[in-house]
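# Architecture and fold: a report
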Amino acid sequence: MILVQLSSGVGPLECCKAVAMAVKRLECDAKALAIKVNTLAVEQAELSGCYKSVLLELTGAEPQILKQFAQQWHGSMLWVCQSPFRARHKRKNWYFGGQLFEIAEQTFDSEIRFQQCRASGAGGQHVNTTDSAVRATYVVTGITVRVESERSQHANKRLARALLMQKLAEQAQQAASQQQKSRWQQHNELQRGNPIRTFKGPEFSQTHKGKGHGKLLIPKPPQDASFSWN
C-alpha cells in the first residue's frame, strides 16, 4: 500500500495553494499512467482551494510502479510564482513538502479486528436499522475508529480501513518528525536549498528536477488551464 502526503509545513497561504495545485498535477500525471488516486484526508487552509495537508492513496498499478511514481513526490518542492493573494509581495518562491508511506497491506489487513455495531443516527427512513456500523481496531497499536456513514457494512469496513491507514501514516510521520521539523524551521536553509522538483507559474509547469534524482515517471505535461488558481 502506497500513500503520499503533501504538506505546506509552516509556510504561508501561498504554500497551501502550491499543495492544492500539486494535488491536481499529481492526479493528472497519475491518470495518464493508469494510476488511481484516492483522497483519504484533507486539512483545509483558511481559504477555499488551499490545503495545509492532503493524504493520498495510490492504486491500480504494479507496486514498484506505484512506489516509483510516489518517490518523485517525496521531499522538498518549490513553486515559483507571483503571489495570487498579495499583489505587491516581492517573494516568489513557495516551498511545500511530500512524504511517501509504504504499508505492508497483507500484514496490515491481518492485524485489524472488526466489530459490528448499530448506527446511532437520529432516526428516519435513511438511518441504518441493521448492525451495519463498524468499529475497527488495529491490534498492534490499539488505534480504533468507528464508521457508520455508509449504508452497507462492507462500505463501512472499507472506510474504516482507510481511516486506520491515515492514522498509521500520521503516526509514522510523527515518529520521524523531529528531523523534518528541524528542516522546516530552517526555512531558508537546507529545506529550501535543494528542491527535488520546481514548478513555475499559474500553470504549475515543471521547470527543474533536483540533482541526484533519476528519470521522472510522468507523461508530457499537459497544457491545461485547470492548473490556474482562477
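Whatever comes next refers back to the structure up there.
Described below are features of the structure shown in this document. (Residues numbered from 1 in each chain as written. Predicted model: local features only at pLDDT ≥ 70, side-chain atom pairs only at ≥ 80, totals over all residues. Heavy atoms only, no water.)

### Focus: the overall build of the protein
Looking only at helices and strands, one finds six helices and ten strands in the protein. Residues classed as buried in the protein amount to 42% of the 230 residues present. Considering only contacts within the protein whose residues lie at least 6 apart along the sequence, 61% involve residues at least 24 apart. Taken as a whole, the protein presents about 12600 Å² of accessible surface, with 48% of it coming from carbon and sulfur. (Helix = DSSP H or I, 4+ residues; strand = E, 2+ residues; numbered from the N terminus. Buried < 20%, exposed > 50% of the residue type's maximum accessible area, 1.4 Å probe, protein only. Contact = heavy atoms within 4.5 Å. Areas by Shrake-Rupley, 256 points an atom, 1.4 Å probe, with all protein chains shown as cover.)

### A look at the nonpolar core
In this structure, Leu-6, Leu-58, Trp-73, Trp-79 and Phe-96 are the most contacted members of the largest nonpolar core, which totals 28 residues. Of all the secondary-structure elements, those providing two or more residues to this core are β1 (2-7), α1 (13-32), β3 (51-59), α2 (63-71), β4 (75-80) and β5 (93-102). In terms of residue count, the dominant contributor to this core is α1 (eight residues). Here Leu-58 is in contact with Ile-2, Val-4, Leu-26, Ile-35, Lys-36, Val-37, Leu-66, Phe-69 and Ala-70, once residues within four sequence places are set aside. (Core = buried A, V, L, I, M, F, W, Y, C linked by side-chain atoms within 4.5 Å.)

### So, unusual backbone geometry
Phi angles above zero are rare outside glycine, and Ala-34 is one such case at about 65 degrees. Tracing the backbone through its elements, the reader meets Ala-34 in the loop between α1 and β2 (36-44). Residue Ala-34 is classed as exposed on the basis of its relative accessible area of 55%. Within the chain, Phe-204 stands out as a residue other than glycine whose phi angle is a positive 55 degrees. The residue Phe-204 is located in the loop between β9 (197-200) and β10 (205-209) in this model.

### A look at the sheet that holds strand β8 (residues 143-147)
Note: strands within a sheet are paired through backbone hydrogen bonds, in either parallel or antiparallel orientation. Here we have three strands laid out as an open sheet, ordered β6-β7-β8, and antiparallel in their pairing. Looking along the sheet, the strands with just one partner apiece sit at the ends: β6 (112-117) and β8. Neighbouring strand axes in the sheet, compared pairwise and without regard to direction, differ in orientation by 20 degrees on average. (Pairing = 2+ DSSP bridges. Axes fitted to C-alpha atoms, helices over the stretch in contact; angles between N-to-C directions.)

### Concerning the packing of aromatic side chains
Per the counting criterion, the structure on display carries four aromatic pairs. Aromatic pair Trp-79 and Phe-204: ring centres 6.2 Å apart, planes at 55 degrees, arrangement tilted. Of this pair, Trp-79 sits in strand β4 while Phe-204 sits in the loop between β9 and β10, and the two are 125 residues apart along the sequence. Judged by centre distance (6.3 Å) and plane angle (35 degrees), the ring pair of Phe-96 and Phe-204 falls under tilted. Highlighted residues: Phe-96 in strand β5 and Phe-204 in the loop between β9 and β10, separated in sequence by 108 residues. Exposure remark for Phe-204: the relative accessible area of 0% places this residue in the buried category. Counting every residue linked through ring pairs, the aromatic cluster contains Trp-73, Trp-79, Phe-96, Phe-199 and Phe-204. (Phe/Tyr/Trp six-rings, centres within 6.5 Å; stacked < 30°, edge-to-face > 60°.)

### Regarding the side chain of Ser-83
Tracing the sequence through the fold places Ser-83 in the loop between β4 and β5. Judged by relative accessible area, which is 6%, Ser-83 ranks as buried. A distance of 3.1 Å separates a polar side-chain atom of Ser-83 from the backbone nitrogen of Phe-85. Among the polar contacts made by the side chain of Ser-83, one reaches the main-chain amide nitrogen of Arg-86 at a distance of 2.9 Å. Every residue in contact with Ser-83, bar those within four places of it in the chain, is listed here: Glu-14, His-89, Arg-91 and Trp-94. (Polar contact = N/O pair within 3.5 Å; in protein donor to acceptor, adjacent residues only side chain to side chain.)

### Digging into α1
Between its terminal C-alpha atoms α1 stretches 29 Å, which fits the 28 Å expected from 20 residues at 1.5 Å a residue. Residue Ala-34 follows α1 closely and has a positive phi angle near 65 degrees. (Expected span 1.5 Å × (residues − 1).)

### Structural notes on the pairing of β1
Taken across its six residues, β1 has six buried, putting it largely inside the fold. By the alternation rule, side chains of β1 split into Ile-2, Val-4 and Leu-6 and Leu-3, Gln-5 and Ser-7, which are all buried. Of the strand pairs in this sheet, β1 and β3 are connected by six bridges, and their pairing is antiparallel. Bridge assignment links Leu-6 to a residue of β3, and that residue is Val-54.

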